[in-house]
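# Understanding the architecture of this molecule
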Amino acid sequence: PRLLTAADVAAMRPGSVVVDMAAAQGGNVEGTVAGRSVVTDNGVTLIGYTDLASRLPAQASQLFGTNLVNLLRLLTPGEDGRIVVDFDDVVQRTVTVVRAGTVTWPPPPVPVSAAPPATAPAAPPAAAVSAKPRLTAAGRSGLIGLGMAAVFLMVAFAPARLAENFTVFALAVVIGYYVIGKVHHSLHTPLMSVTNAISGIVVIGALLQIGHESALVTVLSFVAILLTSVNIFGGFAVTRRMLSMFSRGGSR
């Protein structure tokens, strides 16, 4: 009888294998060719060998030989051909019939535990783990307001020069965070983005002070610009080296 039609075979996934045991009598699968193995258009293999009985002993012998090889490897842990029987091993104890003139058959039953595996205790709820009170939205708003008021008072009563520098500092922080810190990670690592943002703030402050009338301030500003410039360009160079390691044909 036709058990599998062509539509059934077409509905199978690619790589499926169908062994037609009745290929010699016409086959139970539509598309089977007696004595041959064919592959359909959708990648299904139809085995229609009519001599399956003569092919099975070879497969059985191969499986049996593999089992014997694995058993010999287990009995010769030193790989020197000397058999060492370990009765603590379940497999070796089970296949041993006589040892040192003593009958060891039948082997003791293998202890099998039917108890379910122990489960880890359930984690306590987050509220029980951390009893630290969280700041409410009103509290956060109050802290932000206090911070803004403190900054306003500091700028209001500070000298004009300090207020100007503070404004530049605030702008540098905003630019460093929202411009340098938001560079795509495939082009710039997050750690390097943060360090370059800090270096950018230092460079801006040093540029504003490099023309100071004090020679000491000018020298310190020049040193700050030099060091932070080395940090920025070195960060980009390191990032480029890292990216070239993962790119095809890049230098290592």
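Data block above holds the structure.
The rules behind the values
Residues numbered from 1 in each chain as written. Predicted model: local features only at pLDDT ≥ 70, side-chain atom pairs only at ≥ 80, totals over all residues. Heavy atoms only, no water. Helix = DSSP H or I, 4+ residues; strand = E, 2+ residues; numbered from the N terminus. Buried < 20%, exposed > 50% of the residue type's maximum accessible area, 1.4 Å probe, protein only. Areas by Shrake-Rupley, 256 points an atom, 1.4 Å probe, with all protein chains shown as cover. Pairing = 2+ DSSP bridges. Axes fitted to C-alpha atoms, helices over the stretch in contact; angles between N-to-C directions. Lys, Arg positive; Asp, Glu negative; His and termini not counted. Salt bridge = Lys/Arg side-chain N within 4 Å of Asp/Glu carboxyl O. Polar contact = N/O pair within 3.5 Å; in protein donor to acceptor, adjacent residues only side chain to side chain. Contact = heavy atoms within 4.5 Å. Core = buried A, V, L, I, M, F, W, Y, C linked by side-chain atoms within 4.5 Å. Phe/Tyr/Trp six-rings, centres within 6.5 Å; stacked < 30°, edge-to-face > 60°. Lys NZ or Arg CZ within 6 Å of the ring centre and 35° of its normal. Patch = residues over 30% accessible without salt bridge, like charges linked within 9 Å, V, L, I, M, F, W, Y side chains within 5 Å.

## Observations regarding the overall build of the protein chain
Broken down by element type, the protein chain carries eight helices and five strands. The N-to-C order of helical and strand elements in the protein chain reads α-β-β-β-α-α-β-β-α-α-α-α-α. Taking all 252 residues of the protein chain together, 16% fall into the buried category. As presented, the protein chain carries roughly 19100 Å² of accessible surface, and 68% of it is formed by carbon and sulfur atoms.

## Side note on unusual backbone geometry
In this model, Trp105 is joined to Pro106 through a cis peptide bond whose omega is 0°. Of note, Pro106 is situated in the loop between strand S5 (102-103) and helix H4 (126-129). The phi dihedral of Ala100 is positive, around 55°, even though this residue is not glycine. With respect to the element layout, Ala100 can be found in the loop between strand S4 (98-99) and S5.

## Notes on the sheet that holds strand S3 (residues 45-47)
Spatial ordering of the open sheet is given by S1-S3-S2, a layout of three strands whose pairing is mixed. Single-partner strands in this sheet number two, and they are strand S1 (17-19) and strand S2 (37-39). Mean inter-strand twist for the sheet, computed between neighbouring axes without regard to direction, equals 15°. In the sheet, S1 pairs with S3 via three bridges, with the strands oriented parallel.

## Comments concerning the side chain of Asp20
Position of Asp20 among the secondary structure elements: in the loop between S1 and S2. Arg2 provides the closest opposite charge to the buried, unpaired Asp20, separated from it by 5.7 Å. Within the local environment of Asp20, its side chain forms a polar contact with the backbone nitrogen of Ala22, the two atoms lying 3.2 Å apart.

## Observations concerning the side chain of Asn28
By the element assignment, Asn28 lies in the loop between S1 and S2. Judged by relative accessible area, Asn28 falls into the buried class, the value being 18%. A polar atom in the side chain of Asn28 sits 2.8 Å from the backbone oxygen of Pro1. Excluding residues within four positions of it along the chain, Asn28 makes contact with Pro1, Arg2, Leu3, Leu4, Asp20 and Ala22.

## Things to note about the nonpolar core
Counting six residues, the largest nonpolar core consists of Val9, Val18, Val29, Val38, Val44 and Leu46. Contacts of Val38, omitting those with residues within four sequence positions, involve Gly31, Val33, Val44, Thr45 and Leu46.

## Topic: the pattern of salt bridges
One pass over the full model with this rule turns up one salt bridge. Residue Asp51 pairs with Arg55 through a salt bridge whose shortest N-O separation is 3.0 Å. A relative accessible area of 37% means that Arg55 is categorised as partly exposed.

## Topic: the packing of aromatic side chains
Within this structure, the stated rule accounts for zero aromatic pairs. Lying over the aromatic face of Tyr49, Arg55 brings its terminal NZ or CZ to 3.8 Å of the ring centre. The ring of Phe87 has Arg99 sitting right over it, with the charged end atom 4.3 Å from the ring centre.

## Let's talk about a nonpolar patch on the surface
Together, Ile210, Val219, Phe222, Val223, Leu226, Leu227 and Val230 give the surface a local cluster of nonpolar side chains, amounting to about 630 Å² of exposed area. Mapped onto the elements, Phe222 comes out in helix H8 (residues 215-246). The class for Phe222 is exposed, based on a relative accessible area of 51%.

## Some words on the environment of Leu3
For Leu3, the location among the structural elements is in the segment before helix H1 (6-10). Leu3 gets classed as exposed once you look at its relative accessible area, which sits at 58%. Residues Leu3 and Val29, 26 residues apart in the sequence, show an inter-C-alpha distance of 6.0 Å. With near-sequence residues (within four places) excluded, Leu3 lies in contact with Asp8 and Asn28.

## Structural notes on the environment of Met154
Within the element layout of this structure, Met154 appears in helix H5 (residues 137-157). Considering only alpha carbons, one finds Met154 and Phe166, 12 residues apart in sequence, at a separation of 9.9 Å.

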